[in-house]
Amino acid sequence: WTGLEVKKQTNMFAIDLFFMKMVLQLCMSNLSKVFASLSEKVWIWIGVRSLRGSTARKTERDSCKGNIQTPIPTSVNYHFTRVCNYKCGFCFHTAKTSFVLPIEEAKKGLRLLKQSGMEKINFSGGEPFLHERGEFLGQLVQFCKQDLQLPSVSIVSNGSMIREKWFQRYGEYLDILAISCDSFNEETNSLIGRRQGKKSHLENIYKVQNWCKEYKVAFKINSVINTFNVGEDMRDCIRELNPVRWKVFQCLIIEGENAGENALREAEKFVISDQQFQDFLDRHSDMECLVPESNQKMRDSYLILDEYMRFLDCTGGRKDPSKSILDVGVENAIMFSGFDEKMFIKRGGKYTWSKADMKLEW
Ligand code: SF4
């Protein structure tokens, strides 16, 4: 090679070296970025795992101390519809929507609740026998007893839409049927709004009580004590109907449902004082089946699920909804339920609720 050729080759070699160095630097910088992001992910993963571990250990520890943080949904009231054929003036679950979940979604939610510890489900409304003429309700009752094997399945109804055919198909899967009855005087029922047109509310009650006997379902009565019935003596009629439980509630005001601007009812004129409620209880003190529930006991001691399967928190005197258990799971939603587990136990929320355990004469 001549001197000129040697110089040319050396220059080319230097250029090649420069490019190689550039490529190498580029690779190194990309590699370090990849490593940085990887290590960040690993740290996050380790952090989340240890956080989860400590939360689980904390819950375990709290449970051991009897200080459970997440309430267990032992007994749940699922108001799957708000629609009703009655117009009770104090109703605190009014027809603000006509929505009802598709049955498969409802079953999915009920299965989630069972996995979280549910033992008792109560179907309520609105009037639960209205939707699909009671078929929707019947299928859920059967699902809860047969598939989920729940110890207790119950319904609260006004009794006006129940047919004997329903008992023939679904009676065996139902533990308790509670019928709402506030008065044994038809005129008082009319004043309250507890009837549809000219149909007799009381006739329905006696009919349903007979079917309960025939199809082996425990019969219960729920009464709301208010201005119009507070002076009544119901002892004879209650004895005659012989319910396993007679729940006696003090009329309750819930903002947005039966009081306030956007409410569909004005229940103020139905409200009675604590003393009036106590006088009613005293008059009926010899009724063994009577289970009293004052406003204080009632407000936070129920786990209420609305038509979207959202827990309703009544602690603020309103019904503030959580997110749906179908979207965030039971444990996340129940934290926003306002549920007072201690009050639930105190008000006797846990009782013999499976008909298999009741010593009933059918
Ligand atoms: S029967 Fe029940 S759901 Fe229907 S209007 Fe009366 S209180 Fe409300």
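In the annotation of an unreviewed UniProt entry, the entry for the protein chain reads S-adenosylmethionine-dependent nucleotide dehydratase RSAD2, and the organism field reads Lepisosteus oculatus. You can read under Cofactor (unreviewed entry) in the UniProt record for the protein chain the words "[4Fe-4S] cluster". Its UniProt record gives the protein chain a comment under Sequence similarities (unreviewed entry), which states: "Belongs to the radical SAM superfamily. RSAD2 family."

Student: Hey, could you go over the overall build of the protein chain for me, with residue numbers and the actual values?
Tutor: In terms of helices and strands, the protein chain carries 12 helices and 10 strands. For the protein chain, the residues scored as buried account for 47% of the 362 residues in total. When contacts within the protein chain are restricted to residue pairs at least 6 apart in sequence, those whose partners lie at least 24 apart make up 74%. Split by element, the accessible area of the protein chain, about 19,700 Å² in all, is 54% carbon and sulfur.

Student: Talk me through the site of the ligand; I want residue IDs and the actual numbers.
Tutor: Taken together, Cys-84, Tyr-86, Cys-88, Cys-91, Gly-126, Asn-158, Arg-194 and Arg-265 make up the full set of residues near the ligand. Tallied by class, residues from the shell around the ligand come to four nonpolar, two polar and two charged.

Student: Explain the pairing of strand S5 (residues 218-225) residue by residue, including any values.
Tutor: In terms of burial, S5 is a largely internal element, eight of the eight residues being buried. Neither face of S5 is left uncovered, since the one carrying Ala-218, Lys-220, Asn-222 and Val-224 and the one carrying Phe-219, Ile-221, Ser-223 and Ile-225 both have all their residues buried. Note that strand S4 (residues 176-180) and S5 share five bridges and pair parallel. Note that in S5 the partner of Leu-177 across the bridge is Phe-219. One ladder, built from six bridges, connects S5 with strand S6 (residues 245-250); its direction is parallel.

What counts and what doesn't
- Residues numbered from 1 in each chain as written.
- Predicted model: local features only at pLDDT ≥ 70, side-chain atom pairs only at ≥ 80, totals over all residues.
- Heavy atoms only, no water.
- UniProt positions renumbered as here; feature names shortened; annotations may be inferred.
- Helix = DSSP H or I, 4+ residues; strand = E, 2+ residues; numbered from the N terminus.
- Buried < 20%, exposed > 50% of the residue type's maximum accessible area, 1.4 Å probe, protein only.
- Contact = heavy atoms within 4.5 Å.
- Areas by Shrake-Rupley, 256 points an atom, 1.4 Å probe, with all protein chains shown as cover.
- Near = heavy atom within 4 Å.
- Nonpolar A, V, L, I, M, F, W, Y, C, P; charged D, E, K, R; others polar.
- Pairing = 2+ DSSP bridges.

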